[in-house]
Amino acid sequence: MSNHAILISATDEDLPGSVPVGLARYRGFREMARGGGGLLRSAVDRVSGRTVAIKTLSEEVAHVREHRRRFLREARITAQLQHPNTVPVYDIGDDPREGLFFTMKRISGENLFQILVRIARGDAETAKRYPPQTRAEIVADACQALAYAHVRGVIHRDVKPENIWVGNFGEVILLDWGVAKVWGHADDNTPLRHGQTRHPEERFDGPETPKNAETPKNAETTTDAEANPGSGAMESQLRTLTGGGQRPGTPLYMSPEQIEGHRTIDERSDIFSAGVCLYEALAIREPFRGQSTDETFRNIKTKTPEPPSKNARQTPLSDRWDAVVMKAIEKHPARRYQSMRDLIAGIRG
């Protein structure tokens, strides 16, 4: 019997006599990732027959009030941002044994950072598949999710290439709303700058990055994703969704006002971060990286980098991108694009 026939036959199964409560509705659990106080597994929904990703709190924090509150906020924000460039959430519940959980679509593909790493290492096939215009379009698609979120009062605050997922069929998904800020609500998320640093060598923008350079132990591994896109890339995406396993911290993409700890962060902070992603996607080089986190922060607050066309690391880059990128990463919010829609319009010219 073909796989297709097996799939069809599975759709003919009767519904369970009674719909199970909580996680009992799912079967075939397989752990995919754990970290950051979360556990992510794949399982099959006994009612719909589809395979889903299920996120729960780890046993150590499952009954800690603060963790439960943040977990519910992440689940509800993700669920309410119903957009083609966000992950659909199917269910939120409280299991009698394991506590809070939410289920979401399980997606395949790889993140934008993995793509940029391969291009930086001289992978001609990847460079051909993802020329500058295509890479810019990927960032623009992620910005569509941000534009949607901003209209609904949500600021992502952690926009970076690792959180921009590129599916096997070209779909773009913006992941990880775990540190999002909701306007009008108390900010109970730990500031990004505390306990979230990464060393410069964890990125690929060194002048002599060896092609066989090791990826940090807690990073998404490009080699695994390339070798087995059905499992390695999936596990990479799932690690991102747990909030653990990804390379920690995002100082390279923080806006000046985030670094200075302003409490009035608005959508223009996400615009700055998206602009840094766009610069990196086009030039295959980060605009603000220093030799330490402190130096990186100083660069973000005081340094004006060369335009991407002057600083491109790979193939020549059209200077038409310069005005768009440099406006997005202006130090003062008032001089940036004032809405994500304006940035998208700039990218798509």
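Right above here is the structure, for reference.
These figures come from a predicted structure and were not determined experimentally. (Residues numbered from 1 in each chain as written. Predicted model: local features only at pLDDT ≥ 70, side-chain atom pairs only at ≥ 80, totals over all residues. Heavy atoms only, no water.)

**Considering the sheet that holds strand β8 (residues 164–167)**
In step 1: Reading across from one edge, β6-β8-β9 is the order of the 3 strands in this open sheet, with antiparallel pairing throughout. Looking at the sheet topology across the chains shown, the edges are occupied by β6 (109–111) and β9 (172–174). If you compare each strand with its neighbour and ignore which way they point, the axes differ by 25° on average.
In step 2: By the bridge criterion, 3 bridges tie β6 to β8 in an arrangement that is antiparallel. (Pairing = 2+ DSSP bridges. Helix = DSSP H or I, 4+ residues; strand = E, 2+ residues; numbered from the N terminus. Axes fitted to C-alpha atoms, helices over the stretch in contact; angles between N-to-C directions.)

**A few points about helix α3 (residues 112–120)**
Side chains that are three or four residues apart share a direction in an α-helix, a result of its 3.6 residues per turn.
In step 1: Among the 9 residues of α3, 9 are classified as buried, and the element is accordingly described as predominantly covered.
In step 2: Those residues of α3 not exposed but buried are Leu112, Phe113, Gln114, Ile115, Leu116, Val117, Arg118, Ile119 and Ala120.
In step 3: N-cap assignment for α3: the residue whose side-chain oxygen lies 3.1 Å from the backbone N of Phe113 is Asn111.
In step 4: Phi turns positive one or two residues past the end of α3, at Gly122, with a value near 90°. (Buried < 20%, exposed > 50% of the residue type's maximum accessible area, 1.4 Å probe, protein only. Polar contact = N/O pair within 3.5 Å; in protein donor to acceptor, adjacent residues only side chain to side chain.)

**Structural notes on the packing of helix α5 (residues 132–151) against helix α9 (residues 267–283)**
In step 1: Between α5 and α9, the least distance of the axes is 9 Å, while the angle of their chain directions is 170°. In terms of orientation, α5 lies roughly antiparallel with respect to α9. Helix-helix and strand crossings are classified by hand; for α5 and α9 the assignment is right-handed. Facing α5, whose interface residues are Pro132, Arg135, Ala136, Val139, Cys143, Leu146 and His150, α9 presents Glu267, Asp270, Ala274, Cys277, Leu278, Ala281 and Leu282.
In step 2: Split into classes, the residues belonging to the contact of α5 with α9 amount to 10 nonpolar, 1 polar and 3 charged. (Parallel < 35°, antiparallel > 145°, perpendicular 65-115°, else oblique. Left-handed = near helix turned anticlockwise from the far one by under 90°. Contact = heavy atoms within 4.5 Å. Nonpolar A, V, L, I, M, F, W, Y, C, P; charged D, E, K, R; others polar.)

**Topic: the state of the cysteines**
In step 1: Scanning the entire structure with this criterion turns up 0 disulfides.
In step 2: Cys143 takes part in no disulfide bond, and the closest cysteine sulfur, belonging to Cys277, lies 8.1 Å away.
In step 3: Owing to a relative accessible area of 1%, Cys143 belongs among the buried residues under this scheme.
In step 4: Owing to a relative accessible area of 0%, Cys277 belongs among the buried residues under this scheme. (Disulfide = S-S within 2.5 Å.)

**Describing the nonpolar core**
In step 1: Counting residues in hydrophobic clusters, the biggest one holds 58 residues, and the most contacted among them are Val154, Trp177, Leu278, Ile329, Met340, Leu343 and Ile347.
In step 2: For this core, the secondary structure elements donating two or more residues are α3, α5, β8, β9, α9, α10 (293–302), α12 (322–328) and α13 (340–348).
In step 3: At 11 residues, the largest contribution of residues to this core is made by α5.
In step 4: In this structure, Val154 is in contact with Ile77, Leu81, Ala149, Trp177, Ala180, Lys181 and Val182, ignoring residues within four places of it in sequence.
In step 5: The next biggest cluster of nonpolar side chains, apart from the first, holds 17 residues, and it includes Ala53, Val61, Ala75 and Phe102. (Core = buried A, V, L, I, M, F, W, Y, C linked by side-chain atoms within 4.5 Å.)

**A few points about the pattern of salt bridges**
In step 1: Applying the stated criterion to the full structure yields 15 salt bridges.
In step 2: The partner of Arg68 in a salt bridge is Asp94, and the shortest N-O contact between them spans 3.3 Å. Pair noted here: Arg68 is in helix α2 (residues 65–80) and Asp94 is in strand β4 (residues 89–95), with a separation of 26 residues, a long-range link.
In step 3: Residue class for Arg68 comes out partly exposed when judged on its relative accessible area of 24%.
In step 4: Assessed through its relative accessible area of 45%, Asp94 is described here as partly exposed.
In step 5: Across the pair Arg348 and Asp141 runs a salt bridge whose closest N-O atoms are separated by 2.6 Å. Of this pair, Arg348 sits in helix α13 while Asp141 sits in helix α5, and the two are 207 residues apart along the sequence.
In step 6: We classify Arg348 as partly exposed; its relative accessible area is 36%. (Salt bridge = Lys/Arg side-chain N within 4 Å of Asp/Glu carboxyl O.)

**What about the side chain of Asn85?**
In step 1: With respect to the helices and strands, the residue Asn85 is situated in the loop between α2 and β4.
In step 2: One polar contact links the side chain of Asn85 to the main-chain carbonyl oxygen of Val172, over a distance of 2.7 Å.
In step 3: Setting aside its immediate chain neighbours within four residues, Asn85 contacts Asp141, Gln144, Ala145, Val172, Ile173 and Leu174.

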